Amino acid sequence: MTSAEAQFRCFPNCRCMSDDAELYCSMERAYEMVFKGTVDFFVIKAAYDLDLFEAMASGPQEVETLANATGSVPMRLERLLITMEQIGLTHLHEGIWALTPFAEQFFTTPEQHRNMTMLPFVSYMTDLIQTYYSSLADVTRGKMDFTSHVPHPPRTREDSVFYETIHRSNIHFVQKFLRDQANLNGVERLTDVGGGIGDIAASLCAKYPELQVTLINLPSALDLVRENAEVRGVAGRINPIAIDMYRDPYPKADAVLFARILYPMNRQFCTMLLQKAYEALEPGGRVLVLDMIISDRSKPNYDYLTHYLCGIGMNFSVLEFKDHAIYPELLREIGFDEVTFAEGYDHVLYQAVKV
C-alpha cells in the first residue's frame, strides 16, 4: 500500500496510477458524498412531490403542458427538468421533454415494476430525513431516539401494506438469483421464514410445480399474502402462518429458506434461527440462506446503512456488520453438511443439508 493509499480511500471505478491520481480519486469521492447524494435525492423528491413522474409517464410533453399538470412555474420547472437531464432522468428533443428508460423503470407505475422500483422509498426516506437523519448528532448525544412513523412490528393491515410494499420493491434480482441457484429439486414442503408478501415464494412455486410453501409472517400480513398468492396464480400453494420466528418451533419441512432475514443479525441470533431450521428438518432436508452482502468495505451497502443508522437511536438493536463467510463453520457446528456457496447481484446464497 502506498502512503497515499494509507491516507485516502479509493473506490471501485477509480484508476489510480500515481499519488496525485489517488488524491484526485479521493477528492471525487468527497464531492460525491457532499453533493451527489443531495442533488440526486432532492431532485427526485421534488419530481415525486410535483407528481412530475406521473405526468410524464404518458409520453413526451412541452414544458407548459407539464407546468399546468404539476401546478408549476414554467421557467422554474424547466430548470428542474434540465437538472433531471443532467442526472439521467429526462431528455429533451426539439423542445419536448420525456423521461429516460431509467426513470420510467424506477420512478413510474410502481405496481407494474413492483419488484424493481424506488418509488416506495422516496416518501419513506423523506420522512426519515425530516424526523431523524437531520438530527443524527442529537441522536448520537442520546438526546433523541429513533421512532418509526409506522409502528414496527406492524399491527394493522395498513401498517403491513406499508412495510411489505417497501420490502418487495427491490427483489427482482433476488428472485432471479434464487431461481437460478437454489436447489429445491425433490422438495415438496418449503418453510419461508419471514417471507414477506410472498413474491419470492410465488416465484419459486412457478419453477417447482410440486412445491408447497408455508410462509411465516406477522398476523397483520397474512391476508396480504393470501391475496397476493391469488393474484400470482398460486393460491393454495402458499400457506401463511403467524408464529414468532424467534421463539416458536418451525413447521416440519423438506427445506427452510431465510431470504434476506439473517444478514443483519449477529452470530448468536443466526445460530438460534438456524438451529430451529435444523430441528424442523428430517435428515437430508435442506437449509438455504440468502443474504445481502454488507461487509464489503470497497462497496458500501447503502440499503443496509439506511437501516443501520436507525439502530444508533435504539437502546437495543441486532443490527451489525457480519461477514457472511461465517456461515460454513456455523452451519457445520449445528449439524449441517454439504455446504455450497453462490454469489450474484450483491447477494450470497449458502445451502446445506442436514446430516
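Values in this document were obtained by computation on a predicted structure and should not be read as measured data. (Residues numbered from 1 in each chain as written. Predicted model: local features only at pLDDT ≥ 70, side-chain atom pairs only at ≥ 80, totals over all residues. Heavy atoms only, no water.)

Caption draft 1: Examining the confidence of the model for the protein more closely. Of the residues in the protein, 95% reach a pLDDT of 70 or more, and the chain-wide mean stands at 94. Contacts for the low-pLDDT stretch residues 1-8, under 50 throughout, to residues beyond four places or in other chains number 10 contacts. (pLDDT = per-residue confidence, 0-100. Contact = heavy atoms within 4.5 Å.)

Caption draft 2: Highlighting the packing of aromatic side chains. In this structure the tally under the stated criterion is 20 aromatic pairs. Seen in terms of ring centroids, Phe341 and Tyr350 are 5.0 Å apart; in terms of plane orientation they differ by 45 degrees. Their pairing is tilted. Classification of Phe341 as partly exposed rests on a relative accessible area of 44%. In this structure an aromatic cluster arises from ring pairing among Phe53, Phe102, Phe106 and Phe107. (Phe/Tyr/Trp six-rings, centres within 6.5 Å; stacked < 30°, edge-to-face > 60°. Buried < 20%, exposed > 50% of the residue type's maximum accessible area, 1.4 Å probe, protein only.)

Caption draft 3: Structural detail: the pattern of salt bridges. In the structure shown here, the tally under the stated rule is 15 salt bridges. When the shortest N-O distance is used, the salt bridge between Asp49 and Lys45 registers 2.5 Å. Here Lys45 and Asp49 lie together in helix α2 (residues 19-49), a separation of 4 residues that amounts to about one turn. A relative accessible area of 47% places Asp49 in the partly exposed class. Overall, the relative accessible area of 17% leaves Lys45 in the buried class. Of the charged contacts, one joins Asp254 and Arg189 as a salt bridge, the two residues approaching to 3.1 Å between their closest N and O atoms. One end of the pair, Asp254, is in strand β6 (residues 253-259); the other, Arg189, is in strand β3 (residues 189-193), and 65 residues separate them in sequence. (Salt bridge = Lys/Arg side-chain N within 4 Å of Asp/Glu carboxyl O. Helix = DSSP H or I, 4+ residues; strand = E, 2+ residues; numbered from the N terminus.)

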